[in-house]
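# Analysis of the macromolecular model
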Amino acid sequence: MASSFELIAFYSNPKTLDELIKSGIDGVIIDWENKGKMNRQSLYNTQVNEHRSKELIIAREKNISNIICRINGPQYWSVDEIEKAIDLGANELLVPMIKCQKEVEFILNQVRGRIDVGVMIETNEALLIADELDKMPIHRFFVGLNDLSIQRKSRNIFLPFVDGTIDILRPKITKRFGVAGLTHPSAGTPIPCKYLIHQMKKHRASFGFLRRAFYKDLSIYTAEEIINSLRAVFDTPVIEELEDLTIEEQCFLNQELI
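Below or above, wherever it landed, is the structure these notes cover. (Residues numbered from 1 in each chain as written. Predicted model: local features only at pLDDT ≥ 70, side-chain atom pairs only at ≥ 80, totals over all residues. Heavy atoms only, no water.)

## Quick look at the overall build of the protein chain
If you tally the helices and strands in the protein chain, you get 13 helices and nine strands. Within the protein chain, the fraction of its 258 residues that count as buried is 52%. Sequence-distant contacts, at least 24 apart, represent 71% of the contacts inside the protein chain between residues at least 6 apart. (Helix = DSSP H or I, 4+ residues; strand = E, 2+ residues; numbered from the N terminus. Buried < 20%, exposed > 50% of the residue type's maximum accessible area, 1.4 Å probe, protein only. Contact = heavy atoms within 4.5 Å.)

## Section: the nonpolar core
Judged by nonpolar contacts, the single largest core of 67 residues is most densely connected at Leu133, Val179 and Leu182. With residues near it in sequence (within four places) discarded, valine 179 still touches Phe142, Val143, Leu145, Phe161, Ile166, Met200 and Phe207. Core analysis: the next-biggest nonpolar cluster, separate from the first, contains nine residues, Ile8, Leu94, Met120 and Phe142 among them. (Core = buried A, V, L, I, M, F, W, Y, C linked by side-chain atoms within 4.5 Å.)

## Details of the packing of aromatic side chains
For the coordinates displayed, the defined rule picks out six aromatic pairs. Between phenylalanine 10 and phenylalanine 209, the aromatic rings sit 5.7 Å apart at their centres with planes inclined by 80°, giving edge-to-face as the arrangement. Here phenylalanine 10, found in strand β1 (residues 6-10), pairs with phenylalanine 209, found in strand β9 (residues 207-210); they are 199 residues apart in sequence, far enough to count as distant. Take phenylalanine 10: its relative accessible area is 3%, and that puts it in the buried class. Taking the centre distance of 5.0 Å and the plane angle of 75° together, the rings of phenylalanine 214 and tyrosine 215 count as edge-to-face. Under the relative-accessibility criterion, phenylalanine 214 is labelled buried at 0%. Each residue in the set Phe10, Phe142, Phe207 and Phe209 is aromatic and connected to the rest through ring pairs, giving one cluster. A cation sits over an aromatic face here: arginine 140 above phenylalanine 207, 4.6 Å from the ring centre. (Phe/Tyr/Trp six-rings, centres within 6.5 Å; stacked < 30°, edge-to-face > 60°. Lys NZ or Arg CZ within 6 Å of the ring centre and 35° of its normal.)

## Quick notes on the pattern of salt bridges
By the definition in use, this model includes eleven salt bridges. A salt bridge links lysine 15 to glutamate 19, with the nearest nitrogen and oxygen atoms 3.0 Å apart. Here the residue lysine 15 and the residue glutamate 19 both occupy positions in helix α1 (residues 14-22), the gap between them amounting to four residues, near one helical turn. According to the relative accessible area criterion, glutamate 19 is partly exposed, its value standing at 29%. Here arginine 140 ties to glutamate 92 by a salt bridge, and the two come within 2.7 Å at their closest N and O atoms. With arginine 140 in strand β6 (residues 140-143) and glutamate 92 in strand β4 (residues 92-95), this pair connects stretches of sequence that are 48 residues apart. By the burial criterion, arginine 140 is buried, and glutamate 92 matches it. (Salt bridge = Lys/Arg side-chain N within 4 Å of Asp/Glu carboxyl O.)

## Some thoughts on the packing of helix α10 (residues 193-202) against helix α12 (residues 223-234)
Closest axis-to-axis distance for the α10/α12 pair is 11 Å, and the angle between their directions is 40°. As far as their axial angle goes, α12 and α10 are oblique. Classified by chirality, the crossing of α12 by α10 is right-handed. Contacts between α10 and α12 involve Ile197, Met200 and Lys201 from the former and Leu230, Val233 and Phe234 from the latter. Broken down by class, the residue content of the contact of α10 with α12 amounts to five nonpolar, no polar and one charged. (Axes fitted to C-alpha atoms, helices over the stretch in contact; angles between N-to-C directions. Parallel < 35°, antiparallel > 145°, perpendicular 65-115°, else oblique. Left-handed = near helix turned anticlockwise from the far one by under 90°. Nonpolar A, V, L, I, M, F, W, Y, C, P; charged D, E, K, R; others polar.)

## With respect to the sheet that holds β6
If you trace the nine strands from one edge of the open sheet to the other, you get β7-β6-β5-β4-β3-β2-β1-β9-β8, paired in parallel fashion. At either end of the open sheet lies a strand with only one pairing partner, and these are β7 (176-179) and β8 (181-182). When β8 meets β9, the two strands line up parallel, connected through two bridges. Bridge assignment links glycine 181 to a residue of β9, and that residue is phenylalanine 209. The sheet contacts of α12 involve β1, β8 and β9, and relative to β1 the element is tilted by about 145°. (Pairing = 2+ DSSP bridges.)

## Thoughts on unusual backbone geometry
Residues other than glycine seldom take positive phi values, yet arginine 112 does so here, at roughly 55°. With respect to the helices and strands, the residue arginine 112 is situated in the loop between α5 (101-111) and β5 (116-121). A relative accessible area of 56% places arginine 112 in the exposed class. The backbone of arginine 204 shows a phi angle near 55°, a positive value even though the residue is not glycine. Structurally, arginine 204 can be placed in the loop between α10 and β9.

Right, here's the structure in full:
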């Protein structure tokens, strides 16, 4: 039986993509978001990808079941990016830095139902209108912890798990919901992945992204080992009782890390 929890990896290179396909990955993200991102995140230890059309074409040629293209935040360039993503075979758009309903309406009107649309909740403005966004034909919501922490001038990206932000947001979302990045349950830094998994299960996340920590840990585990371990954890309905530090304690012990 197929897992109900989606594991979606950010594209890295063709070789690793082949390994992910063999491991049964549910989808891949081609990341076109780069406009202003370097300046916005310049003081933070984040990742800015430099994907172009080529990466989307490679993914399409390998018959990935679900190709998600993260475009730049809504602006005058959005029409060209949307049309290019659709023409090159993307199945879904992921739209970052949403601040108002009109931006989402603009994206949806341009897409006209041709592919799915997901949005990122990573601004205070988006948090305030999440219930209204949920009424729109949006396929998935992902909480962008990096940019949310930058906007809030927090050096700790995990605070939304402990300051009530996710507790308030989650009941407003009826669509697919995701938050935080994943790797092997026994790995992960600065927060061990098992604590993030605990929180994701607690908040009924239905998908997760594999990116920096995952690719780092490929030096220890195979892609298949990581993906199989994650599926085993998420397909188990019981939330593990953690005996070590809680995520609250881990979070505050790592306040200067992002």
